[in-house]
Amino acid sequence: MRFMLLFSRQGKLRLQKWYTATAERDKKKMVRELMQVVLARKPKMCSFLEWRDLKIVYKRYASLYFCCAVEEQDNELITLEVIHRFVELLDKYFGSVCELDIIFNFEKAYFILDEFLMGGEIQDTSKKSVLKAIEQADLLQEVYDYF
Amino acid sequence: MPAPIRLRELIRTIRTARTQAEEREMIQKECAAIRSSFREEDNTYRCRNVAKLLYMHMLGYPAHFGQLECLKLIASQKFTDKRIGYLGAMLLLDERQDVHLLMTNCIKNDLNHSTQYVQGLALCTLGCMGSSEMCRDLAGEVEKLLKTSNSYLRKKAALCAVHVIRKVPELMEMFLPATKNLLSEKNHGVLHTSVVLLTEMCERSPDMLSHFRKNEKLVPQLVRILKNLIMSGYSPEHDVSGISDPFLQVRILRLLRILGRSDDDSSEAMNDILAQVATNTETSKNVGNAILYETVLTIMDIKSESGLRVLAINILGRFLLNNDKNIRYVALTSLLKTVQTDHNAVQRHRSTIVDCLKDLDVSIKRRAMELSFALVNGNNIRGMMKELLYFLDSCDPEFKADCASGVFLAAEKYAPSKRWHIDTIMRVLTTAGSYVRDDSVPNLIQLITNSVEMHAYTVQRLYKALLDDISQQPLVQVASWCIGEYGDLLVSGQCEEEEPIQVTEDEVLDVLEGLLVSNLSAPVTRGYSLTAIMKLSTRFSSVNRIKKVVSIYGSSIDVELQQRAVEYNALFKKYDHMRPALLERMPIMEKTATNGPSEIVQTNGETDSTVLDTKHPPTITQPPSQGNDLLDLLGGNDVVPVIQTSLPTKPPSAGGELLDLLGDLSLTGAPPPAPASVPSVPMSQPPFLLDGLSSQPLFNDIGTGIPPMTAYNKNGLKIEFMFERSNPNPNIAVITIHASNSTEADMTDFVFQAAVPKTFQLQLLSPSSNVVPALNQGNVTQVIRVLNPQKQQLRMRIKLTYTYKGSPVQDLAEVNNFPPQSWQ
């Protein structure tokens, strides 16, 4: 996976994770372009499209689009499952997650993502295992709500 | 100074902003506060401030002044600080900033921290954005962690190692010992990441690949793990919709693919498990289909037995019937890749594929179209063409050009009769006439010329089409040309194929003159119609009218028209005796052969030259006596027959069009001088004809009697030429190049290109591979055929491109030292 984006139907970016070194300017350009392309898709269209030299896999969950860019040799169907697994993790952690949770707790969303994927690949295929690690790490933080 | 506001407070506040300006103001205010807080070196609230900064960064505002603060957070002892610090580093820093190197020491310390979650943070950060320098410095630490018994750390270390290898491939070796018993782990996290690591190593290095195949016996291990996954009962921890750890299954299948590729033993060892997965996986949910998809990809890529391949294609066929459009999309993409090698098996699913032309999704339609063209053959041409023409009628404009070209190509190859062929062309021109490519006009003209018995029918249909609609330029151009040529047949009502229409000379001239004055006509079209009118002067009796028209355009603003008109005028006045001969009916044009496989390549849009093989010899319906092998050599992608037609598309040249008319009509072997009708083989670099890779493999090999020569030897890359005379035609020299690499790293993406002077013709066939293995372990061979009818001294310019140790390399060289026997 090259990168993952989460954005709303209004085109507001909620999360961006880049797994390759890219200049800030290029990132902004790509995000803008890709958001435009994906938001223009009609509901009946399939979840895959070609964009530049990459394959884009996207899925909408309520008001949020989850969008991954994968390479030629990657399996699009399993990428859909990866996205779904991430959503499940968020859901378990926040309890019926909605967009507002991710807006107000974006840093936690990143922590969960970083416990689930590294360098674009899955670290652990067990939901329980990932959630437990997050839980333990949260406990390590001082009780005082720091931020 | 009051405590900085909390993160969530800030988010709430910013969200109340009603305009962009209001938001910007709030952000600026907060940034100022944060800046002064940073200046005061406030340890307590640094974390909070950086978190706020990250939020503002996500909204699109600059946050670079927080970079150093992230480093300070990482160095802190508090876990909260580290967490935000590392996140900030991943979001704000990248290898372009020198500042990131300051992280290296912190990461090193944290990799050895007593708390595994801190170690995890460090591994994650390194594994996501570590630069080559950082990777070099810290690879040792990662390798150590790869051998730990703590599975939490082991799995992260494995993925971190993957990143290190991607950044610094030379370090791959050092991770080898640690991989020894990775696969005997029970923990799925470790298993998954280990498979990813092994995949990365095998993909990058052929040495590693054979090591893992032979020494480590990786295939049986993977087969065992996969088998356990399938056979094992319900495991709640890894279950997804009834399937046990699909993610791991998919990764294993992918690694098996790499191991089994071009290796008979490995492929055999995995045959059974692949069959098992293919038949036992649940297909009701996406997960199951994801696994099946990966299985199909693997089966098609390894040396599997034919039964297994048929099974795979049938799975794809079932996918095509699935309600889920994602599955259909994936099936079409895969079928497109396999249609060359398993043509017959894919044919069985033809009707389903054709149904996909009616799908609502654009990507699915496109793929279905490409696949349909690939499946057209002599047996199904009528049925397929009906569907494809229907598709052409109703499809989006973005498809029309490609579809039209595809129809023309297919019709040319498989037309069951001339009448059918012309009807098909007419249909395309009338429904998608403005989308056909420019080069199809000369093609069609040539086709029509050669269908002698259909002239009357053709001109009649074209005339009727013109009456309906003159907006589609290619249609109008072809029609004008035909009317110019066969207007006499039109007027005399000689049509056999259908009811002849009654039309007078004046009516015909009205139509042609209408084209000249219409706003819809492009300048090129006007040229066509003027010339057509001129030609009718020898076929019609109303010569005066024609003379008048021609003289009017002698003062046209359009230079092209003016020149033509002036010259035609001259024909009337001073050279009237030549006129009949000059404007005579065109003779049958010899067509240059088109290569069969290259059409498949074109319509697929994917050039996989290693896949095409002799199963598909060129199938040309033209008479075989194309005589000129030399024109055969112009094969290449996007081949379109080169036609030496003078009239419409040729720009006016000095010396008068009259003489050029004569000159171009003679069919010598020389390449056409200045035709706009030349295919996309670029002719823009006189005096060399550059040719790229073409699609036919060939078997001619070592030279006989002519000594080999070294054409190029630089930077460890050596290219030798071996010669042979082609038996049927002694003017053709067959050169086999052998490329070898004496350096210690492979040269990948190796592409050899050659160009020869204009008097020669060149054909490059597919190379044996595009990786030149290091240390002279193997050669890349490729065959070049050079036609040298004038027996001139052979010279060649070659261009080499390849990737060496991750960087692209390019070189040009002249080859002049050909042995005399190779060209005499």
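Values in this document were obtained by computation on a predicted structure and should not be read as measured data. All residue numbers here refer to positions counted from 1 along the written sequence of the relevant chain. By the order in which they are written, chains take letters starting at A while ligands take numbers starting at 1. Per-residue local features of the predicted model are confined to residues with pLDDT of at least 70, and side-chain atom pairs are confined, for both listing and counting, to 80 or more; whole-chain, interface and lining totals are unaffected and use all residues. The basis for every side-chain value is the complete set of heavy atoms in the structure, and neither hydrogens nor water enter the calculation.

1. Examining the confidence of the model for chain B
All names here are of chain B. Here is the rule: A score from 0 to 100, pLDDT tells how confident the predictor is in each residue. Contacts are assigned to residue pairs with any non-hydrogen atoms lying within 4.5 Å of each other.
For chain B, per-residue confidence averages 81 on the pLDDT scale, and 85% of positions sit at 70 or higher. In the model, residues 593-704 has pLDDT below 50 throughout and makes 213 contacts with residues more than four positions away in sequence or in other chains. Confidence estimates for the predicted assembly give a pTM of 0.69 and an ipTM of 0.95.

2. Remarks on the interface of chain B and chain A
Basically, it comes down to this: Buried area: the accessible surface (1.4 Å probe) lost by two parts on joining, summed over both. Any carboxyl oxygen of Asp or Glu within 4 Å of a side-chain nitrogen of Lys or Arg constitutes a salt bridge here. We define a polar contact as two N or O atoms separated by no more than 3.5 Å, with the added condition that, inside protein, one atom must be a possible hydrogen donor and the other a possible acceptor, whereas residues neighbouring each other in sequence contribute only through side-chain atom pairs.
With 73 residues of chain B at the contact, the number on the chain A side is 64 residues. When chain B packs against chain A, close to 6,400 Å² is buried across both sides, 56% of that on carbon and sulfur atoms. Summed over the three residues of chain B that lose the most area to chain A, namely Met58(B), Arg83(B) and Phe247(B), the buried surface amounts to 13% of that side. At the junction of chain B and chain A, the tally comes to 9 salt bridges. Glu121(A) serves as the salt-bridge partner of Arg251(B), at 2.5 Å between the closest nitrogen and oxygen. Linking chain B to chain A there are 24 residue pairs in polar contact (both at pLDDT 80 or more).

3. A few points about the environment of Pro767(B)
Here is the rule we go by: Starting at the N terminus, helices and strands are each numbered in turn, a helix being any DSSP run of H or I of at least four residues and a strand any DSSP run of E of at least two.
Position of Pro767(B) relative to the elements: it lies in the loop between β8 (761-764) and β9 (780-787). Residues Pro767(B) and Thr781(B), 14 residues apart in the sequence, show an inter-C-alpha distance of 5.7 Å.

4. Some details on the pattern of salt bridges
If the charged atoms of two oppositely charged side chains come close together, the side chains can form a pair. Note the threshold: Summary of the burial criterion: residues with accessible area below 20% of their type's maximum are buried, those above 50% are exposed, and those between are partly exposed, where the area comes from a 1.4 Å probe applied to protein chains only.
On inspection of all chains with the given rule, the structure shows 51 salt bridges over all chains. Here Arg8(B) ties to Glu107(A) by a salt bridge, and the two come within 3.0 Å at their closest N and O atoms. In this pair, Arg8(B) sits in helix α1 (residues 7-15) while Glu107(A) sits in helix α4 (residues 106-116), so the two residues belong to two different chains. In this structure, Arg8(B) and Glu107(A) share a single accessibility class: buried. The shortest N-O distance in the salt bridge between Lys72(B) and Glu69(B) comes to 3.2 Å. With Lys72(B) and Glu69(B) both in helix α4 (residues 67-75), this residue pair falls 3 residues apart, about one helical turn. Residue class for Lys72(B) comes out partly exposed when judged on its relative accessible area of 29%.

5. Focus: the side chain of His57(B)
Structurally, His57(B) is set in helix α3 (residues 43-59). Judged by relative accessible area, which is 10%, His57(B) ranks as buried. At 3.2 Å, the side chain of His57(B) and the side chain of Glu24(A) are in polar contact.

6. Notes on α1(B)
Our working rule: This arc corresponds to the set of directions leading from the helix axis out to the C-beta atoms.
Within α1(B) the residues assigned to the buried category are Leu7(B), Arg8(B), Leu10(B), Ile11(B) and Ile14(B). The arc that holds the buried residues of α1(B), viewed along the axis, is 155 degrees, so those residues lie on one side. In this structure, the buried side of α1(B) is in contact with α3 (99-104) and α4 of chain A together with α2 (20-39) and α3 of chain B.

7. Concerning the packing of aromatic side chains
This is how it is decided: For Phe, Tyr and Trp, rings pair up if their centres lie within 6.5 Å, where Trp contributes its six-membered ring, and each pair is then called stacked (planes under 30 degrees apart), edge-to-face (over 60) or tilted (otherwise). Counting as a charge over the ring demands two things of the Lys NZ or Arg CZ atom: a distance within 6 Å of the ring centre and an angle within 35 degrees of the ring normal.
Tallying each qualifying case throughout the model produces 16 aromatic pairs over all chains. Judged by centre distance (6.2 Å) and plane angle (75 degrees), the rings of Phe66(A) and Phe86(A) are edge-to-face. Highlighted residues: Phe66(A) in strand β5 (residues 64-70) and Phe86(A) in helix α2 (residues 76-94), separated in sequence by 20 residues. With a relative accessible area of 0%, Phe86(A) lands in the buried category. Feature note: the residues Phe7(A), Tyr58(A) and Tyr65(A) constitute an aromatic cluster, connected by ring pairs. One Lys or Arg, Arg83(B), reaches over the ring of Phe111(A) and ends 4.2 Å from the middle of that ring.

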